[in-house]
Structures are given as structure tokens and as C-alpha cells.
Amino acid sequence: MTAPTLTRPRRGARLAGTRAPRWHSRVSTPYLLIAPTLVLLIVLFVYPIINVVALSMQSYNLAQPWDDGFVGVDNFVRMAADTAFWQSIWVTFKWVFVEVGLQLVFGLILALIVNETFIGRGLARALIFSPWAVSGVLTTTIWLLLYNPGAGLVGVLADMGAVEHGVSPLAGTESAFWAAVVAELWRGVPFFAILILADLQSVPRDLHEAAEVDGANAWQRFWNITLPHLRNAIVLATLLRGVWEFNNVDLLYTLTGGGPAGATTTLPLLIANTAIRSSDFGYGSALTVVGFVILAVITVVYLRLTKFGKED
Amino acid sequence: MNSEHRRLLAASVLAATLLVGTACSSAPAADQEVTLQWWTSGGDPETANRVNGELIKRFEAENPKIKVDLLYLPGDSAEQKISTAVSTGAVPDILDTGIVNVSNLTARDAVEPLDDWFENSEYAKNIPESALANARTADPDGKLYFTPTMGLANVLWYRKDLLKQAGVAEPKSWDDFYAVADEMTDADKGVFGYIIRGGNGFMPQLLDVMYGQSGVSSFIDEDGKSTLNDPRNVKALERYVEMYGKDTAKSDLNADYLAMVAQFGSGKGVMFNHNLGSYTDNVKKFGAENVAGVQPFPSEAGPVTVSGQTILGNAIMKGSEHKDQAWKFVDFMMKPENVSYISEELGYIPMSKPVFDDTWVKDRQPLVDAIAVIDDPKTQVLHEPFYLPEYQKIAKVTLQTPWQQVLQGQLSVKKFLDQAADLFTQAEAAYRARNGK
């Protein structure tokens with residue numbers, strides 16, 4: 001009787017009926033898995049950018065199709081001499097600085113208030129955060145009604161003799177800007193309040209207690225403990241909000257349409273009016289490219305200056 | 001290739017086959033039921049949808065194999081939506097359009113010439129020759145790109161009841177017009193004698209009042225030069241602009257159609273300029289006896305000068321896959337009874353000779369006035385150059401900011417009109433050069 005011999009299968013040998021994966025399938029499978037994401041990115045992100053850059057060097061005006069064709073940098077040369085463009089740049093920066101600055105200040109104050117313990121805090125938080133859930137167009141509708149000289153708050157004030165009849169904050173080159181600022185402030189403050197409140201809740205309480213024992217007053221504790229702790233939240237919120245306000249179209253387009261007399265025409269509104277209302281997609285694309293470059297440069301500079309994400 | 005890869009390839013091929021199959025299956029057989037897309041934008045949405053819905057019902061009863069889907073486009077965004085549709089190829093079969101907009105569509109080769117169908121239509125002979133000739137100016141080729149079945153005219157609307165209460169006589173001249181605006185203004189009560197259109201779509205009002213006063217008879221002279229900055233127009237517009245903030249609300253700086261209608265409807269504005277399309281709305285609110293719609297008063301030089309003589313109708317889009325069926329519907333809309341029905345309900349001038357004798361036409365004071373003025377051989381009709389594809393862009397977008405600057409005193413009337421005249425003169429010169437005129 002011969003004892004059975006146990007043999008160890010050779011490393012890498014295949015079991016009967018199975019096939020080893022080939023080299024190329026091992027290499028290609030990860031690419032196949034990420035392919036859908038890549039395709040989406042290319043279709044939704046890369047292609048539109050390339051398309052806009054290509055269009056920016058063409059005359060492409062639906063109202064004047066006989067002029068369509070490659071024009072090189074003509075659209076950018078035209079932009080340099082376009083007073084509406086420079087005016088829109090000025091309005092855009094004024095809008096972004098005023099909006100983000102005021103939203104930060106009011107958002108911080110409100111976050112500090114609702115971070116304290118008091119009766120009705122839940123309700124106060126809900127009320128403060130609720131405008132964030134309102135869309136830009138709906139916000140416009142609310143504020144258009146308030147500013148309506150016939151039926152709105154302005155009309156009531158006129159009936160009381162507080163303001164002139166037939167006057168609307170939206171019908172004045174100076175007042176329209178500030179009327180739009182107030183409407184957007186109402187919607188934008190909750191964003192800062194939410195982010196800052198979330199960060200406030202992670203400020204170590206023992207640091208405050210220690211500072212209090214050392215004789216620091218409330219302002220000193222806020223300035224030296226709370227504010228430095230909030231730095232990353234503030235940088236992130238101002239950056240995000242800055243980009244959003246730069247690109248703000250929904251509220252301004254529906255509230256003022258960029259008027260009166262161009263007083264609230266920011267760069268995105270000029271783009272919308274040029275491309276959509278004037279059907280001049282070539283020049284509109286050139287304006288978009290410039291807006292894109294401005295935002296990219298500002299973002300990089302801002303993140304470097306604020307040392308976002310780096311510890312002191 | 002392993003089994004996984006084979007399965008992946010097979011799935012891709014199957015998906016592609018299905019897509020191709022779906023695309024192919026969209027081509028209808030000859031006897032198959034066809035659904036037409038009809039986009040409209042005239043009138044207030046509620047009335048327009050009701051009236052157009054009724055017309056579709058009548059058409060479908062006569063043509064059971066053809067269904068019509070209606071889409072109403074709000075007036076302030078209709079142009080943009082149509083423009084996007086043309087760019088993307090997602091066009092309807094039939095479009096409710098007019099002389100003001102159709103040149104944009106012909107410039108983009110988006111609409112079908114209707115001449116062959118039109119010549120064989122039994123309703124073609126009903127359309128007034130002047131309307132047909134006007135419709136053929138939309139494109140330099142002189143072809144017909146829409147059926148001119150309805151018209152509009154600009155009108156000065158005012159509240160007769162409010163004037164009567166205040167003991168103010170109805171205006172009969174331009175001097176009266178300014179006097180009434182002044183007398184009816186009671187700023188402390190928020191009531192203003194006139195509503196000036198400072199916002200979107202201001203141009204028709206401006207032209208109506210300016211050329212109406214000045215008596216200048218053409219928009220572009222024989223040399224291709226715009227007459228907008230003619231000294232008589234400058235003088236007329238200066239007088240008109242002086243009303244802003246004095247006899248009008250300052251909030252009129254942004255006033256568009258909806259704002260004007262709201263102000264007029266609330267009794268806070270006594271007079272405003274708009275076209276005949278406001279008739280049904282005004283009558284519904286105040287009653288026919290309390291509102292009047294009059295044509296421009298004679299100018300200092302004598303004749304009445306009217307502008308805004310627009311004609312409306314249906315066009316067939318080049319992208320339509322059912323052009324013959326679409327023509328059936330367009331032809332059906334030219335039937336006198338249908339022209340009468342839609343014109344009566346939406347406040348248009350019917351452009352069908354048999355309808356001129358309808359009782360309702362003779363009962364409407366603003367319509368009777370408009371037709372009488374047009375029929376008067378002494379009347380000067382200002383023909384805006386709607387054939388310029390840039391017309392709407394210049395009138396609605398480019399000049400909007402300068403016009404608001406004028407109202408606020410930041411830009412003189414003269415400079416504004418010089419700028420406007422330059423733009424139209426340049427557009428006219430380019431048009432003539434392109435078409436060898």
C-alpha cells in the first residue's frame with residue numbers, strides 16, 4: 001500500500017476551471033471604475049470652460065449672425081474700452097466687500113447671541129436661520145413687495161408721512177444698491193451665523209474659565225480666545241460667500257435687473273445681459289473668462305494671505 | 001478580453017442600439033397622429049390660454065389626426081426662450097410672432113417661407129394688402145414668414161371717471177395732455193397724472209409721444225439716417241421728460257408693463273401709454289364707460305403721427321417635422337371667425353376684411369379711433385425699422401441705461417437721442433450694405 005502523497009499547489013497555479021485575470025484587465029479596471037466620474041467632470045466642467053474660452057475669441061451674436069467667426073482677442077480689446085465693463089467691475093467689488101463684510105459682522109453677532117443659554121433659544125435659532133432656506137427669487141418677491149411704493153412697506157411709510165409718495169428705494173441710482181444690499185443681507189447672514197455657531201460650540205470652555213480666573217474681561221476673552229479659534233470658519237465662510245456674492249445673479253437679476261441706469265450691474269449681470277438679452281455670446285464669453293480669472297486669482301491670494309488650514 | 005469586459009461592451013452596444021432605435025422611431029408614419037407644438041406669448045396668460053385653448057379645441061375637432069400642444073411664454077422672457085430654442089434646435093412647430101421679432105428669426109434662418117401655402121389659401125384674400133406688404137418687409141427677400149392676422153396700435157389710456165370727479169376735461173391736444181397730467185397729480189395722496197415707462201420696454205411709449213408731438217414722419221430718412229435726434233424730436237422729448245418726478249411717481253424709473261398696469265389699476269396713475277392689448281384688462285377693471293383710449297394728438301405742424309403699428313400672426317419653424325400639418329393650423333387661424341374671436345378676446349385689431357364689419361369692432365371706442373386714424377390719408381404712419389435684426393437689442397437693451405440716466409438728469413435728452421440715432425443709422429447702413437441697397 002502506497003501512502004498518498006500530499007503535494008502543495010504551485011504558487012500562482014490556477015484552480016481547474018478558473019482563469020487568472022490578465023495583466024491588462026488588472027490595470028484597466030480602476031480606470032473603468034472612475035470613468036463615469038471622469039466623463040461627468042469632462043462634460044460638466046472641462047468642456048464648458050474650453051467652450052467659453054473658445055467662444056470668447058469669436059464673434060457669436062445671434063442677432064448679427066453674418067458677423068460670426070474667429071476674431072482673436074478683439075472681444076478683450078473691446079472690453080478694455082467698454083465703460084459698462086469697468087463700471088460693472090467697480091459695482092461687483094463694492095457689492096462683494098459690502099455684502100461679505102456686513103454678513104460677517106451680523107452673522108458673528110447673531111452666532112454669539114444664540115450660543116448663549118436663554119429661554120426661547122431654539123426659536124431664536126430657527127428664526128435666524130430660516131431666511132437661508134428661502135430662494136433668491138422668493139427673496140426678491142418678498143423685498144419687491146416691501147419696496148413697492150403702492151402696496152408695500154414704503155407705501156405704508158408714505159401714508160404715515162415718513163417718506164414721499166411714489167418713491168421706491170429701487171428707483172434711484174444710489175438707493176437701489178443699498179436696497180439690494182439689505183435684501184441680500186437678510187438672506188446671507190444666516191450662512192455666517194450657522195458656520196460660526198458650529199465652530200463656537202467647539203471652543204474649549206476651560207480656556208475661558210482660566211482666562212476669567214486670570215482677570216480677563218469679556219472683550220479680552222472674545223478677542224484672544226474665541227476669535228482666533230473661529231479663524232478657519234471665518235476664512236472659509238468669507239471665501240465661499242465672497243465667491244457666491246461675486247457670482248450673485250438670481251437676486252440682483254430679479255430685484256433690479258442691474259438697474260436703474262446700471263447702478264447694480266455687477267459683472268455676472270453684465271454677462272447675463274450681454275449674452276442672454278443682447279444674444280452676444282462671443283463678448284459675453286470674453287466677460288466670463290475675465291470674471292473666472294479674477295475669481296481664481298482672488299481665491300489663491302486670499303487663501304495664501306489667511307494661511308487657511310495652517311496652524312500658527 | 002475576459003467575460004466582465006465582454007459584458008461591458010455588450011451593454012454599451014445594446015444601449016447605443018436602443019438610443020438609435022428610439023431616435024428612428026420618432027419619425028411618424030403618414031397616417032399616424034401628429035402632435036404640434038404651438039408657442040404663444042401675446043395677451044395676459046389667463047385669457048390667452050383660455051382663448052388659444054378654445055381655438056385648439058375647434059381645430060382638433062376638424063382635424064382629429066392632429067393634436068396641438070400649447071405653451072404660453074411670458075412676454076418678458078419669450079424672446080430669450082425662443083432664441084435659446086433656435087440655438088438648440090428644440091423649436092416648436094408653430095410660433096406666434098410678429099413684425100417686431102420675426103427679422104431676428106429670418107436672420108437666423110429659423111422660419112419657413114409661407115408663400116407657396118399662402119397663395120393657395122382661401123383666407124389669404126381677406127388679409128389687408130397693407131398688412132401683407134408690411135409683413136413682407138421682415139426680410140430683404142420679400143417673402144412672407146408669418147401670417148399677419150392681427151394688429152396692434154399704440155394708445156393713450158386714461159381714466160374718464162377720475163377726470164370727471166376732478167372736473168378736468170378730457171385731453172384733445174398735446175397741451176391738454178400735459179395740463180391734465182399736472183392737474184390730476186396729487187403727490188401728497190400718491191396720485192400721479194401720468195405713468196412714464198422708465199423700465200423694460202420703454203421705447204414704444206417714448207416713440208409714440210415724441211414723434212406724435214414732433215410730427216417727424218419717418219424713423220430713417222432716405223439717406224439712411226435716423227431722425228431720432230431731429231431738433232423737433234429733441235424738443236418734444238425734453239418736454240416729456242420734464243414730467244418725470246413732477247407729474248409721475250419717481251418709482252416710474254423702473255416701471256415696466258406690469259408696474260404701469262398695477263399703478264393704473266390702483267388709480268394711483270391716471271394716464272399711461274400702451275397698446276390696444278390693454279383694452280380687455282382695462283374694461284374688466286373699470287368698465288368701458290370709465291376708460292378711454294385715444295390716438296396721438298395732432299402735432300404742431302398739423303398731421304397726426306402714429307407709431308407702433310405692429311402686426312402679429314403665426315410662423316412655421318424650419319425645424320418642424322410636420323410643416324404641412326402646421327400649415328393646416330396656421331391656415332385655420334386665418335379663418336375670419338377665428339381672427340374675430342381671438343382679436344375680440346385679446347384686444348387686437350383684426351386683420352381680416354370680413355371681420356371689420358363685426359359688431360364688436362364698431363362698439364370699441366379705442367379700436368374705432370385707431371382704425372379711423374389709420375384710414376385717414378392725412379395720418380403719418382411712423383414705420384420703425386423692425387426689419388433690422390438689431391432693432392430689439394438696441395431698443396430694449398442698449399438704450400435702457402441711457403434712458404434711465406435721462407430721467408434722472410444724468411444725461412441730456414440731446415445726447416441720448418444722438419446716441420440712439422447713431423446706433424440705428426449704423427445698423428441701417430450695415431443692413432443696406434449686406435443687402436446691396
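Residues numbered from 1 in each chain as written. Chains lettered and ligands numbered in written order. Predicted model: local features only at pLDDT ≥ 70, side-chain atom pairs only at ≥ 80, totals over all residues.

Peer 1: For the environment of Lys246(B), give the residues involved together with the corresponding values.
Peer 2: Residues and elements named next belong to chain B. Position of Lys246 relative to the elements: it lies in the loop between α10 (231-241) and α11 (257-265). According to the C-beta neighbour criterion, Lys246 is partly exposed, with 14 such atoms within 10 Å. For the pair Lys246 and Ala370, spaced 124 residues apart in the sequence, the C-alpha separation amounts to 30 Å. (Helix = DSSP H or I, 4+ residues; strand = E, 2+ residues; numbered from the N terminus. Buried ≥ 20, exposed ≤ 12 C-beta atoms within 10 Å, placed from the backbone.)

Peer 1: Hey, could you go over unusual backbone geometry for me, with residue numbers and the actual values?
Peer 2: Residue and element names in this part refer to chain A. Along the chain, Gly259 connects to Pro260 via a cis peptide bond; the corresponding omega equals 0 degrees. Along the chain, Pro260 turns up in the loop between α11 (250-255) and α12 (267-277). Within the chain, Ala261 stands out as a residue other than glycine whose phi angle is a positive 55 degrees. Structurally, the position occupied by Ala261 is in the loop between α11 and α12. On the basis of neighbour counts, which here come to 23 C-beta atoms within 10 Å, the residue Ala261 falls in the buried class.

Peer 1: So what about the confidence of the model for chain B? Which residues, and what values?
Peer 2: Residues and elements named next belong to chain B. Looking at chain B, pLDDT values average 89 and 93% of them are 70 or higher. When the criterion is pLDDT under 50, residues 8-27 qualifies, and its contacts beyond four places in sequence or with other chains add up to 0 contacts. Prediction confidence for the complex, expressed as pTM and ipTM, is 0.83 and 0.77 respectively. (pLDDT = per-residue confidence, 0-100. Contact = placed C-beta atoms within 7 Å.)

Peer 1: Can you explain the interface of chain A and chain B? Please cite residues and give values.
Peer 2: Taken together, the 27 residues of chain A in the interface contact 31 residues of chain B. Broken down by element, the side of chain A that touches chain B gets its largest block of residues, 3 residues, from α12(A). Of the residues belonging to the side of chain A that touches chain B, the class tally is 13 nonpolar, 12 polar and 2 charged. (Nonpolar A, V, L, I, M, F, W, Y, C, P; charged D, E, K, R; others polar.)

Peer 1: Tell me about the environment of Val291(B), residues and numbers included.
Peer 2: Residues and elements named next belong to chain B. Note that Val291 resides in strand β8 (residues 291-294). When the C-alpha atoms of Val291 and Tyr431 are compared, they prove to be 42 Å apart, with 140 residues separating the residues in sequence. If sequence neighbours within four positions are ignored, Val291 has contacts with Trp157, Arg159, Lys160, Asn282, Val283 and Phe286.

Peer 1: Explain the domain arrangement of chain B to me, and be specific about the residues and the numbers.
Peer 2: Residue and element names in this part refer to chain B. Entries for chain B in the domain assignment read domain 1 (34-152 + 310-351) and domain 2 (154-308 + 379-434). Computed over C-alpha atoms only, the centres of domain 1 and domain 2 are separated by 28 Å. Across the contact, 20 residues belong to domain 1 and 14 residues belong to domain 2. Those elements that provide at least two residues to the side of domain 1 that touches domain 2 are α4 (102-107) and α14 (336-346). (Domains from an automatic or database assignment.)

Peer 1: Any details on helix α9 (residues 203-214) of chain B? Residues and values, ideally.
Peer 2: Residue and element names in this part refer to chain B. In this model α9 runs 16 Å from its N-terminal to its C-terminal C-alpha over 12 residues, within 8% of the 16 Å that 1.5 Å per residue would give. Of all 12 residues making up α9, 12 are buried, and the element is well covered by its neighbours. Those residues of α9 that fall on the buried side of the exposure criterion are Met203, Pro204, Gln205, Leu206, Leu207, Asp208, Val209, Met210, Tyr211, Gly212, Gln213 and Ser214. Against the buried residues of α9 lie β5 (154-159), α8 (174-184), α10, β7 (269-275), β9 (305-306) and α17 (391-398). Gly215 lies just past α9 and shows a positive phi near 80 degrees. (Expected span 1.5 Å × (residues − 1).)

Peer 1: Pulling in residues and values, what's your account of the packing of α10(B) against helix α19 (residues 413-434) of chain B?
Peer 2: Residue and element names in this part refer to chain B. Interaxial distance between α10 and α19 falls to 9 Å at its minimum, and their mutual angle equals 125 degrees. Here α19 runs oblique to α10, going by the angle between their axes. Considering only the axes of α10 and α19, their crossing is right-handed. Residues Asn233, Val234, Leu237, Glu238 and Val241 of α10 lie in contact with α19, whose contacting residues are Val413, Lys414 and Leu417. Within the contact of α10 with α19, the residues separate by chemical class into 5 nonpolar, 1 polar and 2 charged. (Axes fitted to C-alpha atoms, helices over the stretch in contact; angles between N-to-C directions. Parallel < 35°, antiparallel > 145°, perpendicular 65-115°, else oblique. Left-handed = near helix turned anticlockwise from the far one by under 90°.)

Peer 1: Now, about the pairing of strand β1 (residues 34-40) of chain B: what can you tell me, with residues and values included?
Peer 2: Residue and element names in this part refer to chain B. When β1 meets strand β2 (residues 66-72), the two strands line up parallel, connected through 7 bridges. Looking across to β2, one finds that Trp39 is bridged to Leu71. Judged from the 2 bridges that link them, β1 and strand β3 (residues 94-98) form a sheet pairing that is parallel. Within β3, the position partnered with Trp38 by the bridge is Ile94. (Pairing = 2+ DSSP bridges.)

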